[in-house]
Amino acid sequence: MTANSPPSRYALGSTDSEHERLIQQAARLARCTERFFREAGIGKDQRVLDLGSGVGDVAMLVAKIVGPSGEVVGVERDPRSIARAKARVAEAGLRNVSFTQSDVSQIASTRPFDAAVGRFILMFVPDPVAVLRSLSELVRPGGILAFQESSWAPIFAISTHLPLWSAAASLMCETFQRSRANPEIGLALYRIFQEAGLPAPAMQMEIPLGDDPDFIRWMYDVICSLRPQIQQLNLSLGELGDFDTLPERLQAEVAASNGVASWMAVVGAWSPKA
Ligand SMILES: C[S@@+](CC[C@H](N)C(=O)[O-])C[C@H]1O[C@@H](n2cnc3c(N)ncnc32)[C@H](O)[C@@H]1O
């Protein structure tokens with residue numbers, strides 16, 4: 001960032017509807033994320049740090065994996081999200097999940113963790129190499145760093161038959177990029193882990209596909225959360241046509257293609273700390 005550039009703003013905001021969107025997204029991705037964490041070596045009795053915990057879905061999923069004798073500490077800088085996460089954890093009766101309000105670049109801990117994990121967080125930090133490097137100080141030797149992040153490039157390649165869907169995805173990516181987030185960070189994790197002093201990570205990619213109205217609404221809901229930022233950046237929603245009918249038109253486009261729409265590719269990367 002240059003001295004004159006505006007400060008970054010978290011593009012998705014923290015409204016109640018964004019919290020609901022995160023919860024629905026988490027339900028859709030739960031199995032993909034759980035498989036990934038188990039393969040990365042997250043397991044029973046571990047003490048795990050969850051970065052950018054949002055309204056608590058990844059922390060609760062990890063709590064299920066580590067069991068009652070494990071522990072999860074979520075780190076989140078937004079107080080509204082933390083309040084919602086704490087309420088959900090209490091409602092779920094989980095006593096081994098706590099949250100701390102902090103920027104992920106400034107985490108302090110006196111006890112080492114067995115693992116540090118996160119989903120859709122490194123894409124939002126200005127210096128993911130520095131964050132991973134400082135994070136690895138908090139993980140015991142042999143412990144695990146495991147992150148799931150996004151990549152949209154494959155989606156554009158396989159969605160050329162869906163012009164409206166592609167236009168919505170383009171606007172979303174441009175909004176993230178202009179807000180200084182990196183929606184393409186997924187494949188770059190290979191380099192980022194190594195620049196942070198970690199071994200070359202094992203990696204995988206999973207692409208959710210669907211044609212049902214809930215799946216199609218995923219796109220509309222993200223654009224709704226991004227809308228204030230789209231307006232602030234003077235980006236145009238014009239290419240998407242009448243906004244109120246966007247979900248129906250996206251649905252009709254996918255139905256007419258007699259195919260499925262593709263959500264972002266979820267790229268997982270994990271390494272043990274040497
Ligand atoms: C897209 S949400 C993902 C939430 C959760 N990991 C999930 O997958 O459901 C990203 C979260 O990271 C938080 N966040 C973004 N930048 C952060 C930073 N530098 N420090 C702490 N939290 C941050 C946001 O407030 C938001 O709650």
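Everything in this summary refers to the structure shown in the same document. Along each chain, residue indices are assigned from 1 in the same order as the chain's sequence is written. Local features are withheld for residues below a pLDDT of 70 in this predicted model, meaning they are given only at 70 or higher, and side-chain atom pairs are given and counted only at 80 or more; totals for whole chains, interfaces and linings count all residues. As a convention, hydrogens and water are excluded, and side-chain values are obtained from all of the structure's heavy atoms.

Definition of nearness: a residue and a molecule or strand are near each other if at least one heavy atom of the residue lies within 4 Å of the molecule or strand. Near the ligand, the surroundings consist of 16 residues, among which G52, E76, D103, V104 and R119 are the closest. For this analysis, a polar contact is any N or O atom pair within 3.5 Å, provided that within protein one partner can donate a hydrogen and the other can accept it, and provided that sequence-adjacent residues contribute only side-chain to side-chain pairs. Interatomic distance of 2.9 Å between a backbone N/O atom of G52 and a nitrogen atom of the ligand. Here R77 contributes a side-chain N or O atom positioned 3.3 Å from a nitrogen atom of the ligand. Contact with the protein chains covers 97% of the free accessible surface of the ligand, which is 600 Å². Note that Gly is not counted as nonpolar here; it falls among the polar residues with everything else outside the nonpolar set of Ala, Val, Leu, Ile, Met, Phe, Trp, Tyr, Cys and Pro and the charged set of Asp, Glu, Lys and Arg. Along the lines of polarity and charge, the residues of the shell around the ligand split into seven nonpolar, four polar and five charged. We get accessible surface area from the Shrake-Rupley algorithm with a probe of 1.4 Å; when it comes to residues, only the shown protein chains can shield them.

Glancing now at the sheet that holds strand β3 (residues 97-101). Only strands that DSSP links by at least two bridges are regarded as paired with each other. Runs of E in the DSSP output that reach at least two residues are strands. Runs of H or I that reach at least four are helices, and both are numbered from the N terminus. Read from one edge to the other, the open sheet built from seven strands follows the order β3-β2-β1-β4-β5-β9-β6, with strand pairing classed as mixed. Only two strands of the sheet have a single neighbouring strand rather than two, namely β3 and β6 (202-206). For this sheet, the mean angle separating the axes of adjacent strands, direction not counted, is 15°. Two strands pair when backbone bridges link them, and strand β2 (residues 71-76) and β3 are joined in this way by five bridges, in the parallel orientation. Paired with V72 across the bridge in β3 is V97. Strand contacts of helix α4 (residues 128-136): β1 (47-51), β4 (113-119) and β5 (139-151), with the helix running at about 155° to β5, the strand carrying the most contacts. Two residues qualify as a contact provided that any one of their heavy atoms is within 4.5 Å of a heavy atom in the partner residue. Angles here are taken between N-to-C directions and fall from 0 to 180 degrees, while the axes themselves are lines fitted to C-alpha atoms, restricted in helices to the stretch in contact. Running at roughly 155° to β5, helix α7 (residues 185-195) makes contact with β5, β6 and β9 (265-272) of the sheet.

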